[in-house]
Amino acid sequence: MAASTGPRNGKHAKHAQRPSNLKRKRVQEDLSSLVQRVEDIDLKGTYESFSDLPISDPTISGLTSSHFKTLTDIQSRAISHALKGRDVLGAAKTGSGKTLAFLVPILENLYRRQWSEHDGLGALIISPTRELAIQIFEVLRKIGRYHTFSAGLVIGGKSLREEQERLGRMNILVCTPGRMLQHLDQTAFFETHNLQMLVLDEADRIMDMGFQKTVDAIIGHLPPNRQTLLFSATQTKKVSDLARLSLQDPEYVAVHQAASSATPSKLQQHYVLTPLPEKLDILWSFIRSNLKTKTIVFLSSGKQVRFVYESFRHMQPGIPLLHLHGRQKQGGRLDITTRFSQAQHAVLFATDVAARGLDFPAVDWVIQMDCPEDADTYIHRVGRTARYERDGRAVLFLDPSEEKGMLRRLEQKKVTVERINVKSNKQQSIKNQLQNMCFKDPELKYLGQKAFISYVKSIYVQKDKETFNLRELKLDDFATSMGLPGAPRIKFIKGDDTKERKNASRATAYTSSDDESDEDGEKKKAKKEPQVRTKYDRMFERRNQDVLADHYSKLINDDGTIAEPPKATDDADEDNDFLSVKRRFEAGDDALGAKSESDSEDEEEEEEEEEDVDKTSTKGAKVVQLNGKETLVIDSKRREKLLKSKKKLLKYKGKGSKLIFDEDGNAHELYEMEDEEAFKARGDAKDQQARFLAEETQRTQVADTEDKEIARQKKREKKEKRKARERELIAAEEEEEEEEKAVAQLVPYEEDGDFSASSEGERDRRSKRPKVRTEEEKPEPWYKQSKRPAAKESAGIQTLEDLESLATGLLG
């Protein structure tokens, strides 16, 4: 008898709860307590560490493993507002930790909502440059390593198709504006209707004129009920910019607004009064004197960066040199930023593409060889050093013409810079070396010419004309200091009145500069430049203007009227009757002269072919009606011949009007004015415009939805067809395997009762056993038989019926 397996008391024990249920229950309890802590957070309180904030355990673990423990000022004040779901405008000095101020709220808000890959895109982070986007993505990977969210990096320079395939599964995206708009317009499966958070890093740069249209187009794809965070060292405060982003009661967090300076406190800022032709010499002398430092040199254009980098690389200053600008490929830019971050001593020549947000560790010097366009650009440039309460130094090279205006702009932004002088005994001149290199290397000379032109253009397009005055710069000496044989010719530096002189007539163009007043008020006449005499000028200067017949002067205007004959010159009036040839033809039938009957008949036939031409005779001339509207006066044989040419008559006929036909077949003009009273009856013009735009917007949205649905349907059908083909292939393979198994089982018996082998080769060999046969039936020896027929026979067995017939034949 089997032993009883039940409990001794006869009662069933309660089933033990599964570990998964317990874990799920514990997660729900932690989540509810976290939500309650966020609701009870004090927005005016001060927090010193991340553990003091209501943050989930995965985020705390990621911050601790990345060595982030204490909070900065911007993080302490901005994260609490962002966790509550409010819109935030965050402004803080460079290097103050603004990246974590928006990454932590993104992870926490999505975690509390239990966001998954099926929910789609939850947060979108927009950065102005690719390098900054890569840096944000790396920080997100470090602190979010214990979360289950999927994050993606969408920047230019990579394969668009690979991004499209993975874009629909992303929860968090870090992107640049251009590539993001491209995906929103072209990727059918990319949905943003469920977006929860939008972050703009370096918001003032993104919201300016360079990205204005792109950002407006991106915002048009996003839902209005979202949380928006804006962060920058120089925050935008324009009402128009904030209204475009649909901000709802934003909280302005400016932790350093009351500070004495807009730059880090441990940053030493100086400027050197340097004439433009001496900038390269001073830069070379500085690099040679600081070989054990890490330096960033900012220039105004990418062509200048290339020229200075190539020139200094040839001269070998004794320190690694790198260069970074926007014209480089994405892989090269990423490699350069990585190498400079890991280097202990190096010099990086860069444009403003490296001026915002990039965190290069342990940068000692920031050299601004070219004056920044405004104070905000200066603040972002010097922010690459003295980060996270470290020491740093910044030097600005200023031309004497730029000193007054730039210092005034910096004072308005609470930036104080001190003037320093360069030691003359340490200054080296590289002018001769550059001239020698440009003479030997044409490519370097070409780079120098392009760098010169790009610098002049960068000064010419500046809006601040008080600081940037192109006429006060010594451009010829600057070209000589770059090693060029002469200053390249530039078309746009003729003067501010270039457009006026271009639009003026030739006569006024030469006379505009004739009269100039000196200091005493007396006028001096400049030398007149020789005027260009055209063929028309020479034609009207001819004598005997009225020798020809009068009909040459009676030209027909465009409207069909007779033009007044030009007045003859005085010289021509003196010889008015000299060799005057008058060929006058009177109107009427007799005016055409004597003609043969055949000629007149031919002309009548040709005139009858002209359906639109109607001739009427007047007292002084013959008038021809063209299309019933235009009239042509015939007073000479030349005019008479016009009636025989349809091509020449076209220019005297009016332009045809294009007609369109409605559904009833009635003809209408292409553009018809609507009845004004009927238009006013429908309401105000602005209201009608608004309704029209709303209807067109709705129609466009419906069409876009239908197009996306069609694209999805096509993709699903394509996927189903591919799966059906795969199933057919699998079924065919299974059938082949079953047939092979059946062939292996259905093997015929031999006469001796032995079971034959399953292979065809063994079956053929067994079938060739010697039998008692007559000489007539005796086959040929096996060594005389050809093997090809057997191969064909074995190859002919394809079905089970072929195999049965073969077995029947073998059994006799």
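Cut-offs applied
Residues numbered from 1 in each chain as written. Predicted model: local features only at pLDDT ≥ 70, side-chain atom pairs only at ≥ 80, totals over all residues. Heavy atoms only, no water. UniProt positions renumbered as here; feature names shortened; annotations may be inferred. Helix = DSSP H or I, 4+ residues; strand = E, 2+ residues; numbered from the N terminus. Contact = heavy atoms within 4.5 Å. Areas by Shrake-Rupley, 256 points an atom, 1.4 Å probe, with all protein chains shown as cover. Patch = residues over 30% accessible without salt bridge, like charges linked within 9 Å, V, L, I, M, F, W, Y side chains within 5 Å. Salt bridge = Lys/Arg side-chain N within 4 Å of Asp/Glu carboxyl O. Lys, Arg positive; Asp, Glu negative; His and termini not counted. Charge placed at Lys NZ, Arg CZ, Asp CG, Glu CD. Buried < 20%, exposed > 50% of the residue type's maximum accessible area, 1.4 Å probe, protein only. Polar contact = N/O pair within 3.5 Å; in protein donor to acceptor, adjacent residues only side chain to side chain. Axes fitted to C-alpha atoms, helices over the stretch in contact; angles between N-to-C directions. Left-handed = near helix turned anticlockwise from the far one by under 90°. Nonpolar A, V, L, I, M, F, W, Y, C, P; charged D, E, K, R; others polar. Core = buried A, V, L, I, M, F, W, Y, C linked by side-chain atoms within 4.5 Å. Domains from an automatic or database assignment. Pairing = 2+ DSSP bridges. Arc of directions from axis to C-beta.

If you look the protein up in an unreviewed UniProt entry, it shows as ATP-dependent RNA helicase from Aspergillus rambellii. According to the UniProt record, the Function (unreviewed entry) comment for the protein is "RNA helicase."

Novice: Help me understand the overall build of the protein in this model?
Specialist: Of regular secondary structure, the protein possesses 30 helices and 21 strands. Considering only residue pairs separated by 6 or more positions, the protein has 70% of its internal contacts joining residues 24 or more positions apart. For the protein, the exposed area adds up to about 52,700 Å²; of that, 48% sits on carbon and sulfur atoms.

Novice: Can you help me understand a negative patch on the surface in this one?
Specialist: Together, Glu 733, Glu 734, Glu 735, Glu 736, Glu 737, Glu 738, Glu 739 and Glu 740 make up a negatively charged patch on the protein surface. Within the element layout of this structure, Glu 735 appears in helix α27 (residues 685–745).

Novice: Before we go on, may I ask you to explain the side chain of Lys 294 in this structure?
Specialist: Assignment of secondary structure puts Lys 294 in strand β9 (residues 294–298). In this structure, Lys 294 is buried with no salt-bridge partner, the nearest side chain bearing the opposite charge being Asp 364 at 8.0 Å. A polar side-chain atom of Lys 294 sits 2.8 Å from the main-chain carbonyl oxygen of Phe 340. Contact partners of Lys 294, with chain neighbours within four places excluded, come to Phe 340, Ser 341, Ala 343, Gln 344, Ala 346, Pro 361, Ala 362, Val 363, Asp 364 and Trp 365.

Novice: Is there a simple way to think about the side chain of Gln 688 in this case?
Specialist: With respect to the secondary-structure elements, Gln 688 resides in helix α27. Note on Gln 688: relative accessible area 12%, which makes it buried. A distance of 2.8 Å separates a polar atom in the side chain of Gln 688 from the backbone oxygen of Phe 679. A distance of 3.0 Å separates a polar side-chain atom of Gln 688 from the backbone oxygen of Gly 683. In this structure, Gln 688 is in contact with Phe 679, Arg 682 and Gly 683, ignoring residues within four places of it in sequence.

Novice: What exactly am I supposed to notice about the packing of helix α5 (residues 130–143) against helix α13 (residues 330–342) here?
Specialist: Angle between the axes and distance between the axes: these two values describe a pair of packed helices. At their nearest, the axes of α5 and α13 sit 11 Å apart, and the two run at 60 degrees to each other. When the axes of α5 and α13 are compared, the crossing they make is right-handed. Taken together, the residues of α13 that come into contact with α5 (itself represented by Arg 130, Glu 131 and Ile 134) are Gln 330, Arg 333, Leu 334 and Thr 337. The residue makeup of the contact of α5 with α13, split by class, is two nonpolar, two polar and three charged.

Novice: Sorry if this is basic, but what is going on with the pattern of salt bridges here?
Specialist: Oppositely charged side chains can pair when the atoms bearing their charge come close. Within this structure, the stated rule accounts for 20 salt bridges. The shortest N-O distance in the salt bridge between Arg 712 and Glu 191 comes to 2.3 Å. Pair noted here: Arg 712 is in helix α27 and Glu 191 is in the loop between α7 (177–186) and β5 (197–201), with a separation of 521 residues, a long-range link. The exposure class assigned to Arg 712 is buried, which follows from its relative accessible area of 18%. For Glu 191, a relative accessible area of 29% corresponds to the partly exposed category. Across the pair Arg 339 and Asp 335 runs a salt bridge, and its minimum N-O distance is 3.9 Å. Taken as a pair, Arg 339 and Asp 335 lie in helix α13 at a separation of four residues, close to a single helical turn. Members of the salt-bridge network, linked through shared partners, are Glu 191, Glu 709, Arg 712 and Arg 716.

Novice: Looking at this model, I keep getting lost on the nonpolar core. Mind explaining?
Specialist: Soluble globular proteins tend to bury their nonpolar side chains together. Among the nonpolar cores identified, the biggest contains 123 residues, and Leu 283, Phe 312 and Phe 349 are the most heavily contacted of them. When residues of this core are sorted by domain, at least three fall in each of domain 1 (26–254) and domain 2 (267–461). When near neighbours in sequence (up to four residues on either side) are disregarded, Phe 349 contacts Leu 283, Ile 287, Val 297, Leu 299, Val 305, Val 308, Tyr 309, Phe 312, Leu 321, Leu 322, His 323 and Leu 324. Membership of the second largest hydrophobic core comes to 28 residues, among which are Leu 200, Ala 203, Met 207 and Leu 230.

Novice: What is the right way to read the environment of Trp 284 from this model?
Specialist: The residue Trp 284 is located in helix α11 (residues 279–289) in this model. Accessibility expressed as a relative area gives 6% for Trp 284, which makes it buried. For the pair Trp 284 and Gln 427, spaced 143 residues apart in sequence, the C-alpha separation works out to 8.4 Å. Contact partners of Trp 284, with chain neighbours within four places excluded, come to Phe 312, Met 315, Gln 316, Pro 317, Gln 428 and Ile 430. At a separation of 3.3 Å, a polar atom in the side chain of Trp 284 contacts the side chain of Gln 428.

Novice: Any chance you could explain the UniProt feature "short sequence motif: Q motif" (unreviewed entry) in the protein here in plain terms?
Specialist: Mapped onto this numbering, the UniProt entry annotates "short sequence motif: Q motif" (unreviewed entry) at residues 48–76. The span residues 48–76 is 45% helix and 0% strand, and its two end C-alpha atoms sit 7 Å from each other.

Novice: Help me out: how do you make sense of the sheet that holds strand β13 (residues 392–398) in this one?
Specialist: Each strand in a sheet pairs with another by means of backbone hydrogen bonds, the pair being arranged parallel or else antiparallel. A sheet is described by the order of its strands in space; here seven strands give the open sequence β10-β11-β9-β12-β13-β8-β14, paired in parallel fashion. The open sheet has two edge strands with one neighbour each: β10 (321–324) and β14 (418–420). Ignoring which end each strand starts from, the neighbouring axes of this sheet average 25 degrees apart. Taken together, the four bridges between β10 and strand β11 (residues 346–350) define a ladder with parallel strand orientation. The residue bridging Leu 321 from the neighbouring strand is Val 347, located in β11.

Novice: What am I meant to see in helix α16 (residues 431–440) here?
Specialist: Since the α-helix turns once every 3.6 residues, residues separated by three or four places project in the same direction. Taken together, the buried positions of α16 are Leu 434, Met 437 and Cys 438. Buried residues in α16, looked at end-on, bunch into an arc of 95 degrees, giving them a common side. Away from its buried face by more than 90 degrees, α16 exposes Asn 432, Phe 439 and Lys 440.

Novice: Mind showing me how you'd approach a positive patch on the surface here?
Specialist: On the surface, a cluster of positive charge is made up of Lys 715, Lys 718, Lys 719, Lys 721, Arg 722, Lys 723, Arg 725 and Arg 727. Position of Arg 722 among the secondary structure elements: in helix α27.

Novice: Explanation requested: the sheet that holds strand β1 (residues 88–91) in the structure shown.
Specialist: Pairing in this open sheet of seven strands is parallel, and the strands run β3-β4-β2-β5-β6-β1-β7 from one edge to the other. Single-partner strands in this sheet number two, and they are β3 (151–154) and β7 (251–254). The average undirected angle you get between the axes of adjacent strands in this sheet is 15 degrees. Sheet topology places β3 next to strand β4 (residues 172–175); four bridges connect them, and they run parallel. In the sheet register, Val 154 faces β4, and the bridge partner there is Cys 175. Each of β1, β6 (227–232) and β7 touches helix α3 (residues 73–83); the most contacted strand, β7, lies at about 170 degrees to it.

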